[in-house]
2 protein chains.
Amino acid sequence: MKHIPHKTIERLSQYRRALLLCLSKGKDHIFSHEIAKIQHITPVQVRRDLMLIGYTGTLRKGYKIQELIELIGEIIDSKEGQKVAIVGIGNLGRAIIKYFKNKRPKLAIVAAFDSDPKKIGKKFSGVTCYNISDMPKEIKNQNITIAIMTVPDDRTIEIADLLVKSGIKGILNFTPRPINVPDNVFLEEYDMTTSIEKVAFYVKDVQA
Amino acid sequence: MKHIPHKTIERLSQYRRALLLCLSKGKDHIFSHEIAKIQHITPVQVRRDLMLIGYTGTLRKGYKIQELIELIGEIIDSKEGQKVAIVGIGNLGRAIIKYFKNKRPKLAIVAAFDSDPKKIGKKFSGVTCYNISDMPKEIKNQNITIAIMTVPDDRTIEIADLLVKSGIKGILNFTPRPINVPDNVFLEEYDMTTSIEKVAFYVKDVQA
DNA sequence: CTAACACTGTTAATTATTTCACAATTTTCT
DNA sequence: AGAAAATTGTGAAATAATTAACAGTGTTAG
Ligand SMILES: NC(=O)c1ccc[n+]([C@@H]2O[C@H](COP(=O)([O-])OP(=O)(O)OC[C@H]3O[C@@H](n4cnc5c(N)ncnc54)[C@H](O)[C@@H]3O)[C@@H](O)[C@H]2O)c1
Ligand SMILES: NC(=O)c1ccc[n+]([C@@H]2O[C@H](COP(=O)([O-])OP(=O)(O)OC[C@H]3O[C@@H](n4cnc5c(N)ncnc54)[C@H](O)[C@@H]3O)[C@@H](O)[C@H]2O)c1
């Protein structure tokens, strides 16, 4: 398969969850305009995304939900699943771990890391918290490929470097400090303050 | 001023925080390539963004940090500030309220809303939690313009509708259920599961 | 004093993403 | 059966965002 745009991957993740919901309601086929309605996008966009992953529906019947879910799974998930760690088990880290626990079968959170002695050795939502200094060892032993970073701002860069040194393959960074990784590590950053300020700006704009 | 792209607004929010940090370290001027280095983008992008907001630096001196911070403030913030509410004070809502408390002077979190009797009337990080049924009244009385939604998935749509009816101007939706708002309400959605699945996909891609 | 350098600001080119427009085909209706 | 309606798949056009290229201009070094 050729190149799939980032935006398409994001939408596929969302389609899958919408489809799972439809499936649980007993639906078995769905039209592009129905998916579009749920996601508040256009039907063409849906069709184009599915075209890009090579899925083809049946004319006038739409897409087979079960099949499409499986195909999206083949694209996004890796067969054996991937292991995820949370680094920094503070307020945000704990919320995430609780939320994600058993949410996606192919993405298991298998470890937390922190530097606070009061947290090390304890379990959070069933996940053991290790000392940050053991991170390289644990990432290798447990074959962890993805890290979610929720550490204090001023620790961000050093910890990202440590993750890279430990052989991590992908990082989702929730701190507001941009990090730098080599080409063979995939990086996704989300900055909540930016989101809120963006809303604030456009709200002002609309009012004006 | 003409139209500013969404992406530029996002970067401006980030520049401002980077600049505040530099300022606190005693720096008073900065070059486009220095900002670029911090943000891991190109210097051209920085210059273009600043061009779009009409800021002009001095040749061979760079940009005056203090001035630039103020200009970005004039663009993003509204003069009198805006009031923000958190809807759904569960794990994520509590983490956010704690995090944002006093973080941005022009964006004050002034209310939380929930339906759980055990939470109503209590304070969270100093912010009072009201009954969701009082939301329309409170939004109007306190002149709240922005809402952050962290409610259970299956309540998302009804609560978004209630927010719109209450006259909200902007919504930041953290639930995975897409919502629909009229044109005069600005909507920003962030879906954490999508982010993680995106990382998972590209990690697999790199390995393959 | 002049040349080389180091920056900014901007136009033009490129790349990425979305939307338009419509051919093709199946189903439904008469 | 033939016409109308519904729906997919896709090339081409439009729009949005990034990057390249470079002119202009102080600054520094010789
Ligand atoms: N709380 C939120 O809602 C929120 C929202 C947006 C962004 N963030 C960002 O997420 C990050 C964490 O925020 P938080 O509110 O959870 O903070 P927090 O202080 O509650 O949690 C930070 C955790 O990191 C641990 N830690 C400190 N030093 C460490 C080290 N060297 N190695 C490993 N762990 C270490 C701390 O012990 C603590 O458990 C921050 O960068 C913050 O800016 C948080
Ligand atoms: N926890 C996370 O890290 C995380 C991450 C990503 C997305 N989310 C999303 O954020 C949302 C909240 O997640 P959470 O983990 O905080 O859940 P939670 O169950 O801890 O919190 C939900 C809160 O909403 C309240 N609530 C229920 N019905 C309500 C109503 N009708 N009106 C107002 N409030 C009501 C509940 O009392 C509770 O306090 C969910 O949509 C979840 O998918 C959470």
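Above this text is the structure in question.
Everything numeric here is computed off the predicted structure, so don't read it as measured data.

Novice: Help me understand the environment of D49 of chain B in this model?
Specialist: All names here are of chain B. Inspection of the secondary structure puts D49 in helix α3 (residues 43-52). Assessed through its relative accessible area of 1%, D49 is described here as buried. Separated by 45 residues in sequence, D49 and I4 place their C-alpha atoms 8.7 Å apart. Apart from the residues within four sequence positions on either side, D49 is in contact with T8, R11 and Y15.

Novice: Is there a simple way to explain the protein's contact with DNA strand D in this structure?
Specialist: Near DNA strand D there are 22 residues, and of these S32, R47, R48, T56 and L59 of chain A occur at the shortest range. In DNA strand D, atoms within 4 Å of the protein come 49% from sugar and phosphate. The separation between a phosphate oxygen of DNA strand D and a polar side-chain atom of Q45 of chain B is 3.2 Å. If you list the elements that add at least two residues to the surface near DNA strand D, you get α2 (32-39) and α3 (43-52) of chain A together with α1 (6-24) and α3 of chain B. The leading source of residues in the surface near DNA strand D is α3 of chain A, at 4 residues. When the residues that make up the surface near DNA strand D are grouped by side-chain class, the tally is 8 nonpolar, 7 polar and 7 charged.

Novice: I tried to follow unusual backbone geometry on my own but got confused; where do I start?
Specialist: Most of the time, phi is negative for any residue but glycine, and the peptide bond is trans. Its identity as a non-glycine residue notwithstanding, N102 of chain A has a phi of 65°, on the positive side. Secondary-structure assignment places N102 of chain A in the loop between α5 (91-100) and β4 (107-114). Even without being glycine, R60 of chain B reaches a positive phi, approximately 65°. Residue position: R60 of chain B is located in the loop between α3 and β2 (63-64). On the basis of relative accessible area, R60 of chain B is assigned to the exposed category, the value being 77%.

Novice: Looking at this model, I keep getting lost on the site of ligand 1. Mind explaining?
Specialist: What surrounds ligand 1 is a group of 23 residues, the closest being L92, D114, K119, V151 and D153 of chain A. The site occupied by ligand 1 is bordered by residues of chains A and B. Within the contact set of ligand 1, an oxygen atom lies 3.4 Å away from a backbone nitrogen or oxygen of G90 of chain A. L92 of chain A places a polar main-chain atom, nitrogen or oxygen, 2.9 Å from an oxygen atom of ligand 1. Alone, ligand 1 offers 820 Å² of accessible surface; in the complex the protein occludes 85% of this. Mapped onto the shell around ligand 1, the elements with two or more residues apiece are α5 of chain A together with α5 (91-100) of chain B. In terms of residue count, α5 of chain B provides more of the shell around ligand 1 than any other element does, 3 residues in total. Looking at side-chain class alone, the shell around ligand 1 contains 12 nonpolar, 6 polar and 5 charged residues.

Novice: What's the story with the pairing of strand β7 (residues 144-149) of chain B in this structure? I'm lost.
Specialist: On a regular strand, each side chain points to the face opposite its neighbour's, so the side chains alternate between the two faces of the sheet. Residue and element names in this part refer to chain B. Here β7 lies mainly inside the structure; 6 of its 6 residues are buried. Note that strand β3 (residues 82-87) and β7 share 5 bridges and pair parallel. Residue pairing in the sheet places V84 in a bridge with I146 of β7. Pairing of β7 with strand β8 (residues 170-173), which is carried by 4 bridges, proceeds in the parallel orientation. Note that in β8 the partner of I148 across the bridge is L172. In the classification by handedness, the crossover that spans β7, the intervening helix α7 (residues 156-165) and the parallel β8 is right-handed.

Rules of the game
- Residues numbered from 1 in each chain as written.
- Chains lettered and ligands numbered in written order.
- Predicted model: local features only at pLDDT ≥ 70, side-chain atom pairs only at ≥ 80, totals over all residues.
- Heavy atoms only, no water.
- Helix = DSSP H or I, 4+ residues; strand = E, 2+ residues; numbered from the N terminus.
- Buried < 20%, exposed > 50% of the residue type's maximum accessible area, 1.4 Å probe, protein only.
- Contact = heavy atoms within 4.5 Å.
- Near = heavy atom within 4 Å.
- Polar contact = N/O pair within 3.5 Å; in protein donor to acceptor, adjacent residues only side chain to side chain.
- Nonpolar A, V, L, I, M, F, W, Y, C, P; charged D, E, K, R; others polar.
- Areas by Shrake-Rupley, 256 points an atom, 1.4 Å probe, with all protein chains shown as cover.
- Pairing = 2+ DSSP bridges.
- Right-handed = clockwise from strand over helix to strand, strands pointing away.

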